[in-house]
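Structural overview for review
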Amino acid sequence: MLQIPLWNRLLIILTVLVGLSFAMPNFFYGTVERHNDAVAEIERTGTQTPEQEADVAAWPSFLPATLVNLGLDLRGGAHLLAEVQVEDVYTQRMDSLWPEVRDALRDERDTVGTIRRIDAEDGLLQVRISQPEGMAAAVAAVRELGQPVVSLTGGFGESTLDVSGAGDVITVQLSESEQAATNDRTLQQSIEIVRRRVDEAGTREPTIQRQGSDRILIQVPGIGSAQELKELIGTTARLTFHPVVGRASSPDEDTDSRQMILPSVDEGGGYYILEETPVVTGDDLVDSQPGFDQQTGEAIVTFRFNPTGARAFGEYTAANVGAPFAIVLDEEVISAPVIRSAITGGAGQISGNFNVESSTELAILLRAGALPAEMTFLEERTIGPELGADSVKAGETAAVIAFAAVLIFMVASYGLFGVFASIALILNVGLIFGVLSLIGATLTLPGIAGIVLTIGMAVDANVLVFERIREELKTAKGPARAIELGYERALSAIIDANITTFIIATILFVLGSGPVRGFSVTLGIGIVTSVFTAIYVTRLLLVFWFERKRPKKIEV
């Protein structure tokens, strides 16, 4: 008998209704998008404007507000491919290692004599000792500073440092294993900081992925241009505080070892001679906010250190009252105030030629953290919103034509049964959008191609079932028995055919990237929903029709 238990019927209907409810907000995309943006902004800032209240009220809170995110090729935006200069980190590591090397060699002063750091290539730390006969002891002392490499890519147990001596010069550099581990950590940190900066700017659904050993792919829908995106994420935003040695009139003046000359932002043509080793860095910042100076009314950026940074900052300012210190941002002296008293609270402010926009931008960059290394942009592309709108329109046209062609074919070939299959096809497309909305997937142009392909493939299962029902009718079985046997005996072929396609979609998702993944996601979801609608929804429609009409004879 052609029967479906009541609980099965309710479960099928409930599944379809839930799927369609999640897809429904996409028909009111602009309204729901403004509603979601307003809710997110109110939660983030804790305040709301009348416009935000209106946007929130425009969509009932009891309805789902899930949307399919539009990808870069559909919404327009910016695309960047950046290369991280991981070698910069080697130099920073050597600079930070120098105090430890100095202290270790001082403990061996009787053997190695006096020590002096000399200029070396980037990524190397070279120290000259006055007693070359003590080189073995000096190398051994420095090697003890090395730590076992900690990495997921190998090199366990190896030292982080490669130390050698030649003549009276000790050379220290990161070992090969540590360089590989450092590259991996630097790239992961860069990706995280880029993501934070993009998120802080309130940009929706960016794509930030690692490509190869030292490159990052960044795609941000909705942003005005690639240049705007570069300004947001390409700034290193490295904040440091240095002791001031003196002033200089040009960047080429002679300095002592471990000193540097940096330009002043406020004083055109002015330069400061600074100690290279900073007192404290932006790594110890815990917060940064834009604000206004209460006395002058100028835009400023306030900052606050963590306990470690606050202690170091307090100790330095307490020991150097009356001396100037420089606030340096990305190799430029923002200001060089004189320390009037010890600053023990761990908070301060940066003033300069800021306006509201630039102070807000700097606060975002500082709050997100400094990039560990400079990024070089190898590829940049801006996709206009008009092009994205054209792509959406072309995709919609393709989907409508594909759907109409399939509908005409099914009705012409299978009559009333084709109508049932067409209804299931409509529900199938709705369920695809419901699942995409539920998981927060991003729809791209290849993703639309996957949906259009699914429309054509979705009726495969119905074709198999209907042809099988025709065969069963030829053996003089009754209509109900023929329909039941048609579904039973076509099931294995339907499952096998869709499993093979689903395997391909899975492989594309795992091994592919970007547009290929978008295609595989919609194809995979479409396979699952099409099997569901073909086996369960179409059959339920047939059962409803059969129970109402009780036909003695059917034509398929």
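Now for a quick tour of the structure. Worth saying up front: this structure is predicted, and the values here are computed from it rather than measured.

1. Focus on a nonpolar patch on the surface
Together, Leu491, Ile495, Ile499, Ile503, Ile504, Ile507, Phe509, Val510 and Leu511 line one region of the surface with nonpolar side chains, adding up to about 800 Å² of accessible area. The topology assignment puts isoleucine 503 in helix H16 (residues 479-511). Take isoleucine 503: its relative accessible area is 43%, and that puts it in the partly exposed class.

2. Let's talk about the packing of helix H13 (residues 416-438) against helix H15 (residues 460-474)
One way to put it is that H13 packs onto H15 with a least axis distance of 11 Å and a crossing angle of 155°. Considering their axes alone, H13 and H15 lie roughly antiparallel with respect to each other. As for the relative orientation of H13 and H15, their crossing is right-handed in sense. The residues of H15 that touch H13, namely those facing Phe417, Gly418 and Ala421, are Asn462, Phe466 and Ile469. By residue class, the composition of the contact of H13 with H15 is four nonpolar, two polar and no charged.

3. Brief notes about H15
For H15, built from 15 residues, the straight-helix expectation of 21 Å at 1.5 Å per residue is met to within 8% by its first-to-last C-alpha distance of 22 Å. Buried within H15 we find Ala461, Asn462, Val465, Phe466, Ile469 and Glu472. Within H15, the buried residues cover an arc of 125° as seen down the axis, which keeps them to one side.

4. Overview of the sheet that holds strand S13 (residues 285-292)
Sheet strands associate in pairs through backbone hydrogen bonding, adopting either a parallel or an antiparallel arrangement. A sheet is described by the order of its strands in space; here three strands give the open sequence S13-S14-S17, paired in antiparallel fashion. Each end of this open sheet is capped by a strand with a single partner; those strands are S13 and strand S17 (347-351). Each strand axis lies, on average, 25° off the axis of its neighbour in the sheet, ignoring direction. Both strand S14 (residues 299-305) and S17 contribute to a ladder of five bridges, which runs antiparallel. Across the sheet, residue phenylalanine 303 finds its bridge partner in S17, namely glycine 348.

5. A closer look at the pattern of salt bridges
All chains considered together, the criterion is met by 15 salt bridges. The salt bridge involving glutamate 178 is made with arginine 93; its shortest N-O contact spans 3.1 Å. Here the residue glutamate 178 occupies a position in helix H8 (residues 176-200), and arginine 93 occupies one in helix H5 (residues 87-106), the gap between them amounting to 85 residues. Residue class for arginine 93 comes out partly exposed when judged on its relative accessible area of 27%. A salt bridge links aspartate 184 to arginine 210, with the shortest nitrogen-to-oxygen separation between them at 2.6 Å. Placement of the pair is aspartate 184 in helix H8 and arginine 210 in strand S7 (residues 207-211), with a sequence separation of 26 residues. Assessed through its relative accessible area of 25%, aspartate 184 is described here as partly exposed. Each of Arg93, Glu178 and Arg185 takes part in one network of salt bridges that share partners.

Reading guide: rules and limits
- Residues numbered from 1 in each chain as written.
- Predicted model: local features only at pLDDT ≥ 70, side-chain atom pairs only at ≥ 80, totals over all residues.
- Heavy atoms only, no water.
- Patch = residues over 30% accessible without salt bridge, like charges linked within 9 Å, V, L, I, M, F, W, Y side chains within 5 Å.
- Areas by Shrake-Rupley, 256 points an atom, 1.4 Å probe, with all protein chains shown as cover.
- Salt bridge = Lys/Arg side-chain N within 4 Å of Asp/Glu carboxyl O.
- Helix = DSSP H or I, 4+ residues; strand = E, 2+ residues; numbered from the N terminus.
- Buried < 20%, exposed > 50% of the residue type's maximum accessible area, 1.4 Å probe, protein only.
- Axes fitted to C-alpha atoms, helices over the stretch in contact; angles between N-to-C directions.
- Parallel < 35°, antiparallel > 145°, perpendicular 65-115°, else oblique.
- Left-handed = near helix turned anticlockwise from the far one by under 90°.
- Contact = heavy atoms within 4.5 Å.
- Nonpolar A, V, L, I, M, F, W, Y, C, P; charged D, E, K, R; others polar.
- Expected span 1.5 Å × (residues − 1).
- Arc of directions from axis to C-beta.
- Pairing = 2+ DSSP bridges.

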